[in-house]
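Architecture at a glance
What follows is each chain in one-letter form.
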Amino acid sequence: MSDILRSMAVSLVLCSWCFAQNNNQGQTNQGQNNQFPGVILINPDGVIASPQARQINPALEQKRLKALAGQQLSSEMAAASELRKVSLVRLEKELQKALDAGKEIDPQLRYLAGITQLQYIFAVPETGDLVIAGPAEGFAPLQDGRVVGVESGRPVLTLDDLLVMLRLASMRRSLGCSFDPEPSRLAAAQAWNNVNSSPASLNVARQRFYQMANVLGNWNVTIFGLPKSCHAAVTAVEADYQMKRIALGLDRPRIRGFRSYLDMAKPGGNTMRRWWFAPRYEVIERSADGHVFHISGPRLQLLSQDELVDAQGNRSDAAFTEITAEKYTQQFNKHMQALCTQVPSFAGIQNLFDLAVAAALIQSNDLQSAVGWQPTLLLDDKGLPVQEYTVPTEVPSLVNVKSVSRSLLLGVTGGGVTIVPDRIVRRTNVLPADRTPEIMSGDAVASWWWD
């Protein structure tokens, strides 16, 4: 045990989203007992934790969701659609009408007509519409408050996330979150280990590892490029936290043969490692006239980098990445679709990345001018504020210990998430005309959304 944290995983990951309906627009939504939608809790000190798992019958839960959707949505919106379109121009007008009438924002507006994944952006100069489109279905809140499609269980796109992305001051800044230990605590943990590394039984060594995790203490949560208390920030933190628990084997995905990083690790590995979620798009296609964009691909990938730590607790990138870490990262990315199906916060990050890319495409191609529209309310922080949430400021040092050939491996993770929207949209391929979906003529549609 001469090395600190014989195998210590530090993930820096961009995250996912959790959402609660807040009928008091602009007010802070902390939820009962500091719980907000998703699978994390925040104690009064702002430290993230996991609630007790609850057994839920999937069939009964889906039946409940469909019943709720049937009560709250029109039959047309509750129906599944391969490609639902939402005009941002008309959406803004509907939102303004609701505000002028002193009404609450309807869930149909707040959840963007139930679109579960963004696939297209259309500029339609003939009708003056700027349209986003993707598959959609009826939607309702899970028991934890997260709003999902009743068929797929995927989180739906949210108005708040769209507003945050449209209002970004720059598409060249990094957006996301990170979990980082205090350098002084990291140095103290390293010094503690040096003093307590004498030969010992496995039970004693195991206790020493947990004691060292206590010395390391809580990690700081940093939000960057996003409003500190927005839904996007909460989603990022939740996704990162869940990614760490999976890496350590504290949570087990229902994927045959899937192994945690700690399962794969071997004695003598590097002491520090970071993992983070980053965007991954197969291609962004652009029509010949520059009025239609198509985005596709897994949206999300896990990346890894070994780190070194000096005596003062300062971290730096190592010159190599351990083979075990590469194998774990490859496995994670291979099963990304299944992971996003099972972990809603991961799917929430996919949606967040999509909206960031859409906002970057709209800005970089000046699509507002192409349709003769200048958004006002959608860019007005005061006129249409996003909902506020209590976002964790610290995360505990999650720990798991594994015995291997009379040695112990300790896993402790931190993390983060990051995307720079401008980098994703710099290069596009041609979208063939025969693969450009038709969009219904605006004067044939009275609604702000249509299939």
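Note that the coordinates shown come from a computational prediction; the quantities given were computed from them, not determined experimentally.

What follows covers the sheet that holds strand S5 (residues 120-124). Strand order in the open sheet formed by seven strands is S21-S12-S13-S5-S6-S4-S22, and the pairing between neighbours is mixed. Sheet topology places strand S21 (429-430) and strand S22 (449-450) at the edges, where each strand pairs with a single neighbour. Pairing analysis gives two bridges linking strand S12 (residues 283-286) to S21, with the strands arranged parallel. Residue pairing in the sheet places glutamate 285 in a bridge with asparagine 429 of S21. Each of strand S4 (81-87), strand S6 (129-136) and S22 is contacted by helix H3 (residues 88-100), which is oriented at about 65° to S4, the strand it contacts most. Sitting on the sheet, helix H12 (residues 344-364) is in contact with S5, S6, S12 and strand S13 (292-296), with an inclination near 155° to S13.

Counted under the stated rule, the structure contains 11 aromatic pairs. Plain terms: the ring middles of tyrosine 120 and phenylalanine 122 are 5.7 Å apart, the flat faces sit at 20° to each other, and that makes the pair stacked. For tyrosine 120, a relative accessible area of 11% translates into the label buried. Each ring, one from tyrosine 261 and one from tyrosine 328, has its centre 6.1 Å from the other, and the planes form 70°; the classification is edge-to-face. Placement of tyrosine 261 in helix H9 (residues 261-264) and of tyrosine 328 in helix H10 (residues 323-334) is noted, with a sequence separation of 67 residues between them. Residue tyrosine 261 shares its accessibility class with tyrosine 328, and that shared class is buried. Through a chain of ring-to-ring contacts, the aromatic side chains of Phe258, Tyr261, Trp275, Phe277, Tyr328, Phe332 and Phe346 assemble into a single cluster.

Moving on to the pairing of strand S9 (residues 175-180). Most of S9 is tucked away, with five of its six residues classed as buried. Of the pairings in the sheet, the one linking S9 to strand S20 (residues 416-419) comprises four bridges and is antiparallel in character. When the bridges of S20 are listed, glycine 176 appears paired with threonine 418. For S9 and strand S10 (residues 219-224), the ladder comprises five bridges, and the chain directions are antiparallel. What sits directly across from phenylalanine 179, in S10, is valine 221.

Calculation notes
- Residues numbered from 1 in each chain as written.
- Predicted model: local features only at pLDDT ≥ 70, side-chain atom pairs only at ≥ 80, totals over all residues.
- Heavy atoms only, no water.
- Pairing = 2+ DSSP bridges.
- Helix = DSSP H or I, 4+ residues; strand = E, 2+ residues; numbered from the N terminus.
- Contact = heavy atoms within 4.5 Å.
- Axes fitted to C-alpha atoms, helices over the stretch in contact; angles between N-to-C directions.
- Phe/Tyr/Trp six-rings, centres within 6.5 Å; stacked < 30°, edge-to-face > 60°.
- Buried < 20%, exposed > 50% of the residue type's maximum accessible area, 1.4 Å probe, protein only.

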